[in-house]
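Fold and contact review
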Amino acid sequence: ETVINVINPNMTVTMTELIAKAAQASASPHTRIVGRTARFGAASIEGHYDEAIAAVGMLKEVEAGDAEGCHAHVIACFGDPGLLAARELSAVPVLGIAEAAMHAASFVATHFSIVTTLSRTKVIAEHLARNYGMEQHCRKVRAVDVAVLDLDKPEANVRGTLLGECEAALREDGIGAIVLGCAGMADLAQDLSTELGIPVIDGVAAAVRFAEALVGLGLKTSKHGDLAFPLPKARTTL
Ligand SMILES: NC(=O)NC1=NC(=O)NC1=O
């Protein structure tokens, strides 16, 4: 059995449930998904400050997963908060949903656009695309301006707004695929992909399958050099 620790770095349990459901739907039969929720940080992550404090709570859940002997971690927030810190901390593979989604999109299209939540978080996705060497593939980061915790509210009409933004991207951006820029959109990818007739990628599903692939390849996070375990020293623990 492969155990994948899927961490919601925000503190909203209903989002963890949506994420874990999407993760299990994507996983192979012999993979067990353990969904974990950050117990320190923010109810939702919508900016640099939220990401900084959420990373601390996320890292505690990496420790919990490692203590349980999980085979890989998925950081299920589109900012990939604390990704390299988690890779230092853990010896098993750690994937962020943004990195996984962008790579999946680059395998099926020459160019893609990202559709995320609030306009103020677009810069975070732009920084990630640059850091991941994806600037040649990522044409544009768009936003639907729906708050993360409103994504599951019927009155927010997220599906309709997302569909409209995706159609504009298809018309204007010269792309072949769309990346959904929030873990809270995980349940919408399939439906939008069918409606638009193009790959619409949810990073939760992509990260779970890539994690299974790395485990299957016997690959673990390298502890030589940059991602070696953190140096022992006095630290404030939660
Ligand atoms: N772009 C985003 O809004 N990302 C996210 N904020 C969260 O709280 N979870 C996400 O995936």
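Please read these numbers as outputs of a predicted model, since none were measured by experiment. (Residues numbered from 1 in each chain as written. Predicted model: local features only at pLDDT ≥ 70, side-chain atom pairs only at ≥ 80, totals over all residues. Heavy atoms only, no water.)

A few words now on the environment of Lys153. If you trace the backbone, Lys153 turns up in the loop between β6 (138–143) and α6 (158–172). Of the residues examined, Lys153 reaches a relative accessible area of 35% and is grouped as partly exposed. (Helix = DSSP H or I, 4+ residues; strand = E, 2+ residues; numbered from the N terminus. Buried < 20%, exposed > 50% of the residue type's maximum accessible area, 1.4 Å probe, protein only.)

Attention now moves to the sheet that holds strand β5 (residues 112–116). Strand pairs in the sheet, formed through backbone hydrogen bonds, run parallel or antiparallel to each other. Spatially, β6-β5-β7-β8 is the arrangement adopted by the four strands of the open sheet, whose pairing is parallel. Each having just a single partner strand, β6 and β8 (200–202) make up the two edges of the open sheet. When the angles between neighbouring strand axes are averaged without regard to direction, this sheet yields 25°. Helix α5 (residues 122–131) rests against β5 and β6 of the sheet, and its axis sits at about 160° to β6. (Pairing = 2+ DSSP bridges. Axes fitted to C-alpha atoms, helices over the stretch in contact; angles between N-to-C directions. Contact = heavy atoms within 4.5 Å.)

In this structure, Val6, Met102, Phe112, Ile114, Leu162, Ile178 and Val204 are the most contacted members of the largest nonpolar core, which totals 69 residues. Sorting elements by how many residues they give to this core places helix α4 (residues 97–108) first, with seven residues. Excluding anything up to four places from it in sequence, Val6 contacts Ile19, Ala23, Ile33, Val34, Gly35, Arg36, Val74, Ala76 and Val208. (Core = buried A, V, L, I, M, F, W, Y, C linked by side-chain atoms within 4.5 Å.)

Our focus in this paragraph is helix α8 (residues 203–216). Helix length check: α8 (14 residues) gives 19 Å between terminal C-alpha atoms against 20 Å at 1.5 Å per residue, within 8%. Listing the buried residues of α8 in full gives Gly203, Val204, Ala206, Ala207, Val208, Ala211 and Glu212. For α8, the N-terminal cap is Asp202; the gap from its side-chain oxygen to the backbone nitrogen of Val204 is 3.0 Å. (Expected span 1.5 Å × (residues − 1). Polar contact = N/O pair within 3.5 Å; in protein donor to acceptor, adjacent residues only side chain to side chain.)

Further remarks concern the pattern of salt bridges. The full count for this structure, using the stated rule, is 13 salt bridges. The salt bridge involving Lys60 is made with Glu63; its shortest N-O contact spans 3.3 Å. Placement of both Lys60 and Glu63 in helix α2 (residues 48–68) is noted, with a separation of three residues, approximately one turn of the helix. Residue Glu63 is classed as partly exposed on the basis of its relative accessible area, which comes to 38%. We note a salt bridge from Glu212 to Arg209, for which the minimum N-O separation is 3.6 Å. (Salt bridge = Lys/Arg side-chain N within 4 Å of Asp/Glu carboxyl O.)

This part is about the confidence of the model for the protein. Here the protein averages 98 in pLDDT, and 100% of its residues register 70 or above. The complex model carries a pTM of 0.98, and its ipTM stands at 0.95. (pLDDT = per-residue confidence, 0-100.)

Looking now at the site of the ligand. Close to the ligand lie Asn10, Met15, Ser44, Ile45, Cys77, Phe78, Thr116, Thr117, Val148, Gly181, Cys182 and Ala183, which account for all nearby residues. At a separation of 3.0 Å, an oxygen atom of the ligand approaches a polar backbone atom of Phe78. Between an oxygen atom of the ligand and a side-chain N or O atom of Thr117, the distance comes to 2.9 Å. Burial of the ligand by the surrounding chains reaches 97%, relative to a free accessible area of 290 Å². For the shell around the ligand, the class distribution of residues is seven nonpolar, five polar and no charged. (Near = heavy atom within 4 Å. Areas by Shrake-Rupley, 256 points an atom, 1.4 Å probe, with all protein chains shown as cover. Nonpolar A, V, L, I, M, F, W, Y, C, P; charged D, E, K, R; others polar.)

This part covers the side chain of His111. Structurally, His111 can be placed in the loop between α4 and β5. Of the polar contacts made by the side chain of His111, one reaches the side chain of Arg139; its length is 3.1 Å. The residues touching His111, leaving out its near neighbours within four places in the chain, are Gln136, His137, Arg139, Gly174, Ile175, Gly176 and Ala177.

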